[in-house]
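Chain residues, written in single-letter form:
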Amino acid sequence: MLAARAFSLIGKRVLSTTVCVRAHGHEVTKAPQYTQPIYEDYPLIPLPDIPFVQDLTPEQKALKEKEKGSWTALTPAEKIALYHIKFDRTFAEMHKPSNEWKTSVGLAGFMVGIGALFFIWEVLFVLKPVPHTLSEDWKAMELRKMLDMKSDPITGLCSKWDYEKNEWKK
């Protein structure tokens, strides 16, 4: 009786865990992509995790066998080919200036042009006309009204106006 009860509990536990594992997709786990070794040409990382060429051709395999011997027997072309099995670019090629600045300058010019077109559109179609209170005639009438009302006669604008000569004080 006790054995039957123990086996039934164990059986339920096994069934429940396998169902849970299958339900949550934990049957087969794969390592995340960021943990896999990658090849990267970057001057600050001079030795990448893996060689540039993973699957060697028969010529490259023969060259790798020849590499195990004397390096004086290798020609310069073979040494360069061996280098390019391990690395894609040399340090000189990595430090070679690129033409990315042209793209950046072109994109910046394009954005400035779009901004200018938006500004012109806004001036033509969105902004209202200048109010009449900003015209020179209106400003002169407003100044004359302030002088006639003698606003702030001690330290303000009217203190600098000569009312007898009808001109600004010198």
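Scroll up to find the structure this text is about.
Residues numbered from 1 in each chain as written. Predicted model: local features only at pLDDT ≥ 70, side-chain atom pairs only at ≥ 80, totals over all residues. Heavy atoms only, no water.

**Quick notes on the overall build of the protein**
Phase 1: Broken down by element type, the protein carries six helices and two strands.
Phase 2: Reading the helices (α) and strands (β) of the protein from amino to carboxyl end gives α-α-α-α-α-α-β-β.
Phase 3: Residues classed as buried in the protein amount to 9% of the 170 residues present.
Phase 4: Counting only contacts in the protein whose residues sit at least 6 apart along the sequence, the fraction spanning at least 24 positions is 33%.
Phase 5: Here the protein has roughly 14,900 Å² of accessible surface; of this, 66% comes from carbon and sulfur atoms. (Helix = DSSP H or I, 4+ residues; strand = E, 2+ residues; numbered from the N terminus. Buried < 20%, exposed > 50% of the residue type's maximum accessible area, 1.4 Å probe, protein only. Contact = heavy atoms within 4.5 Å. Areas by Shrake-Rupley, 256 points an atom, 1.4 Å probe, with all protein chains shown as cover.)

**Quick word on the side chain of D41**
Phase 1: When you line up the elements, D41 lands in the loop between α1 (2-23) and α2 (58-67).
Phase 2: D41 gets classed as buried once you look at its relative accessible area, which sits at 18%.
Phase 3: In this structure the side chain of D41 is engaged in a polar contact, spanning 2.5 Å, whose partner is the side chain of Y39.
Phase 4: Polar side-chain contacts of D41 include one of 3.2 Å to the backbone nitrogen of R89.
Phase 5: Beyond its immediate stretch of four places on either side in the chain, D41 contacts D88, R89 and M94. (Polar contact = N/O pair within 3.5 Å; in protein donor to acceptor, adjacent residues only side chain to side chain.)

**Points about the packing of α2 against helix α3 (residues 76-86)**
Phase 1: The N-to-C vectors of α2 and α3 enclose an angle of 110°; their axes lie 10 Å apart at closest approach. When the axis of α2 is compared with that of α3, the two are roughly perpendicular. Taken together, the residues of α3 that come into contact with α2 (itself represented by Q60, L63, K64, K66 and E67) are E78, A81, L82 and I85.
Phase 2: Counted by class, the contact of α2 with α3 contains four nonpolar, one polar and four charged residues. (Axes fitted to C-alpha atoms, helices over the stretch in contact; angles between N-to-C directions. Parallel < 35°, antiparallel > 145°, perpendicular 65-115°, else oblique. Nonpolar A, V, L, I, M, F, W, Y, C, P; charged D, E, K, R; others polar.)

**Digging into the pattern of salt bridges**
Once the charged atoms of two side chains with opposite charge are near each other, the side chains can pair.
Phase 1: Per the stated rule, a full pass over the model turns up five salt bridges.
Phase 2: The residue E78 makes a salt bridge to K66 at a minimum N-O spacing of 2.9 Å. With E78 in helix α3 and K66 in helix α2, the pair connects residues that are 12 residues apart, well separated along the chain.
Phase 3: For K66, a relative accessible area of 36% gives the class partly exposed.
Phase 4: When the shortest N-O distance is used, the salt bridge between D148 and R144 registers 3.3 Å. (Salt bridge = Lys/Arg side-chain N within 4 Å of Asp/Glu carboxyl O.)

**Focus: the packing of aromatic side chains**
For any pair of aromatic rings, the description consists of the separation of the ring centres together with the inter-plane angle of the planes.
Phase 1: Evaluated as defined, the whole model comprises four aromatic pairs.
Phase 2: The lysine or arginine in question, K150, covers the ring of Y163, its NZ or CZ lying 4.9 Å from the ring centre. (Phe/Tyr/Trp six-rings, centres within 6.5 Å; stacked < 30°, edge-to-face > 60°. Lys NZ or Arg CZ within 6 Å of the ring centre and 35° of its normal.)

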